[in-house]
Amino acid sequence: MKAVVIRTFGDPDGLEIVDVPVPVPAPGQVRIATEAIGVGGVDAVIRRGTLAAYGFREGHILGSEVAGKVTAVGGGVDASWIGRRVWAFTGLSGGYAEQAVASIEDVLALPDGLTCADAVTLGGSGVVAHFALDRARFTSGETVLVRGAAGSIGITAVQLAARGGASAVAVTTSSVERGDRLRDLGATHVLDRSGEGGGPDAPAGFDVVIDIVGGPQLPRFLDKLASNGRYVAVGVVGGQPPADFGMRLMDAFRRSLSFATFSSDTVPRPDRQAVRSSHFADAAQGGLRTVVHAVLPLDQAVPAHREMDAGKVFGRVVLTP
């Protein structure tokens with residue numbers, strides 16, 4: 001079967017499509033013929049070599065979430081799963097392939113009305129957005145800033161904050177056109193990437209900041225917290241923040257600010273699956289909206305990653321065999 005591997009870490013040209021054996025599901029696993037493969041920010045971070053210290057090596061098959069039909073089951077898994085449309089989390093590898101395996105505990109049947117492309121756009125990102133707002137102790141009436149809102153995590157966070165009764169939902173993005181699209185999804189104020197703008201009625205400070213970007217400008221967004229504000233970093237697609245960024249918090253000691261990182265890995269699997277199932281049902285009924293930037297063939301993983309690196313993606317790129 002075809003799969004996309006990291007031939008060399010670095011820019012997207014280091015990705016290569018190769019032939020690999022069809023995976024055999026181990027006990028407790030299923031094999032899925034992929035119809036949609038989510039291309040996420042973590043894939044780009046792994047591809048660049050940023051996480052090499054965590055054991056990622058050249059030859060690694062990228063991809064963490066897929067959707068498609070179950071073609072085989074391992075020992076201990078009910079054979080009735082075969083032929084069912086499902087979404088699955090494959091870990092941090094194995095998704096960019098014609099067939100992938102996943103633990104049955106990380107598999108959800110898809111409701112009618114939800115496409116495979118929509119599932120991989122919402123499945124992982126929705127959980128991160130939901131629990132990031134929960135970690136921030138967000139409540140109705142508070143102000144929220146979503147930094148890097150044009151990706152699938154940000155798009156979902158904007159909707160959840162708006163639906164949760166936020167008094168203002170500000171976003172950072174790179175263009176007026178993107179800002180207009182985010183307003184349509186629930187944003188009330190649009191800032192540029194440096195956090196400037198938003199109009200005269202923009203909040204002077206925010207109760208909650210959800211940050212997908214990280215990078216060297218993170219400290220200036222800490223400054224945008226209101227007293228008792230909570231900042232939750234859920235990604236570092238813009239790189240690591242300065243080593244001394246915590247000094248910003250100490251300088252503002254009397255404002256009682258809080259900073260946290262968040263990974264959905266720390267949420268018990270049943271809780272993740274319950275939220276994901278709720279999101280899928282909501283989206284299938286026309287509630288939560290998914291934004292698919294483009295659907296590309298599997299062998300177009302290189303241009304897909306180029307689009308991400310260039311900041312041209314609004315929503316999620318989906319690969320399909």
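How each quantity is defined
Residues numbered from 1 in each chain as written. Predicted model: local features only at pLDDT ≥ 70, side-chain atom pairs only at ≥ 80, totals over all residues. Heavy atoms only, no water. Helix = DSSP H or I, 4+ residues; strand = E, 2+ residues; numbered from the N terminus. Rg over C-alpha atoms; globule rule 2.2 N^0.38 Å. Buried < 20%, exposed > 50% of the residue type's maximum accessible area, 1.4 Å probe, protein only. Arc of directions from axis to C-beta. Contact = heavy atoms within 4.5 Å. Pairing = 2+ DSSP bridges. Axes fitted to C-alpha atoms, helices over the stretch in contact; angles between N-to-C directions. Salt bridge = Lys/Arg side-chain N within 4 Å of Asp/Glu carboxyl O. Parallel < 35°, antiparallel > 145°, perpendicular 65-115°, else oblique. Nonpolar A, V, L, I, M, F, W, Y, C, P; charged D, E, K, R; others polar. Patch = residues over 30% accessible without salt bridge, like charges linked within 9 Å, V, L, I, M, F, W, Y side chains within 5 Å. Areas by Shrake-Rupley, 256 points an atom, 1.4 Å probe, with all protein chains shown as cover. Polar contact = N/O pair within 3.5 Å; in protein donor to acceptor, adjacent residues only side chain to side chain. Left-handed = near helix turned anticlockwise from the far one by under 90°.

Q: Got a sec to walk through the overall build of the protein chain? Specific residues and values, please.
A: Broken down by element type, the protein chain carries eight helices and 15 strands. Since a compact globule built from 321 residues should have a radius of gyration of about 20 Å, the 20 Å found for the protein chain is in line with a globular shape. Its C-alpha atoms put the protein chain at 55 × 40 × 35 Å along the principal axes. Going through the 321 residues of the protein chain one by one, you find that 50% of them count as buried.

Q: Describe helix H8 (residues 301-309), and please don't skip the residues or the numbers.
A: Among all positions in H8, only Ala301, Val302, Ala304, His305 and Met308 are buried. The buried side chains of H8 occupy one side of the element, clustering within an arc of 160 degrees when seen end-on. Against strand S1 (2-6), strand S2 (15-19), strand S3 (29-39), helix H1 (41-48), strand S14 (292-297) and strand S15 (316-320) lie the buried residues of H8. In the segment just after H8, Gly311 is the residue with positive phi, at about 70 degrees.

Q: Hey, could you go over the sheet that holds strand S11 (residues 206-211) for me, with residue numbers and the actual values?
A: Spatial strand order, S10-S9-S8-S11-S12-S13: six strands in an open sheet with parallel pairing. Looking at the sheet topology across the chains shown, the edges are occupied by strand S10 (189-191) and strand S13 (258-261). Between one strand axis and the next, the sheet turns by 15 degrees as a mean value, whatever way the strands run. With four bridges connecting them, strand S8 (residues 143-147) and S11 associate as parallel partners. Across the sheet, residue Val146 finds its bridge partner in S11, namely Ile210.

Q: I'd like to hear about the pattern of salt bridges, residue by residue, with values.
A: Counted by the stated rule, this structure contains 14 salt bridges. For Arg316, the salt bridge identified is with Glu65, shortest N-O distance 2.7 Å. Here the residue Arg316 occupies a position in strand S15, and Glu65 occupies one in strand S4 (residues 65-73), the gap between them amounting to 251 residues. Accessibility expressed as a relative area gives 9% for Arg316, which makes it buried. Here Glu65 falls in the buried class, since its relative accessible area comes to 5%. Each of Arg47, Arg48 and Asp309 takes part in one network of salt bridges that share partners.

Q: Kindly report on the packing of H1 against H8, identifying the contributing residues and their values.
A: Following both chains from N to C, one finds H1 and H8 inclined at 100 degrees, their axes separated by 11 Å at the closest point. Of the possible angle classes, the one that applies to H1 and H8 is roughly perpendicular. For the pair formed by H1 and H8, the contact residues are Gly41, Asp43, Ala44, Arg47 and Arg48 on the first element and His305, Met308 and Asp309 on the second. Classifying every residue of the contact of H1 with H8 by side-chain character gives two nonpolar, two polar and four charged.

Q: Tell me about a nonpolar patch on the surface, residues and numbers included.
A: A surface patch of nonpolar side chains, amounting to about 360 Å² of accessible area, comprises Met247, Met250 and Phe253. Judged by relative accessible area, which is 48%, Met247 ranks as partly exposed.

Q: With reference to specific residues and values, describe the environment of Arg255.
A: Relative to the helices and strands, Arg255 is located in the loop between helix H6 (246-251) and S13. Taking the C-alpha atoms as reference, Arg255 lies 6.1 Å from Asn228; in sequence the two are 27 residues apart. Each residue touching Arg255, except ones within four places of it in the same chain, is listed here: Asp223, Leu225, Ala226, Ser227 and Asn228. A distance of 2.2 Å separates a polar side-chain atom of Arg255 from the backbone oxygen of Leu225.

Q: I'd like a rundown of unusual backbone geometry, residues and numbers included.
A: If you check the backbone angles, Arg137 has positive phi at about 55 degrees while not being a glycine. The topology assignment puts Arg137 in the loop between helix H2 (116-135) and S8.

Q: Tell me what's going on with H1, and back it up with residues and numbers.
A: For an α-helix, 3.6 residues make a turn, and residues three or four places apart therefore share a direction. Residues of H1 that are buried include every one of Asp43, Ala44, Val45, Ile46 and Arg47, and no others. Immediately beyond the C-terminal end of H1, within one or two residues, lies Gly49, with a positive phi of roughly 95 degrees.

Q: Residues and numbers for the packing of H2 against helix H7 (residues 269-284), please.
A: Close contact between H2 and H7 brings their axes to 9 Å; oriented N to C, the two are set at 125 degrees. When the interaxial angle is binned, H2 and H7 end up oblique. Both H2 and H7 take part in a crossing whose hand is right-handed. Touching Ala119, Leu122, Gly123, Gly124, Gly126, Val127, His130 and Phe131 of H2 are Asp271, Arg272, Val275, Arg276, His279, Phe280 and Ala283, all from H7. For the contact of H2 with H7, the residue count by class is seven nonpolar, five polar and three charged.

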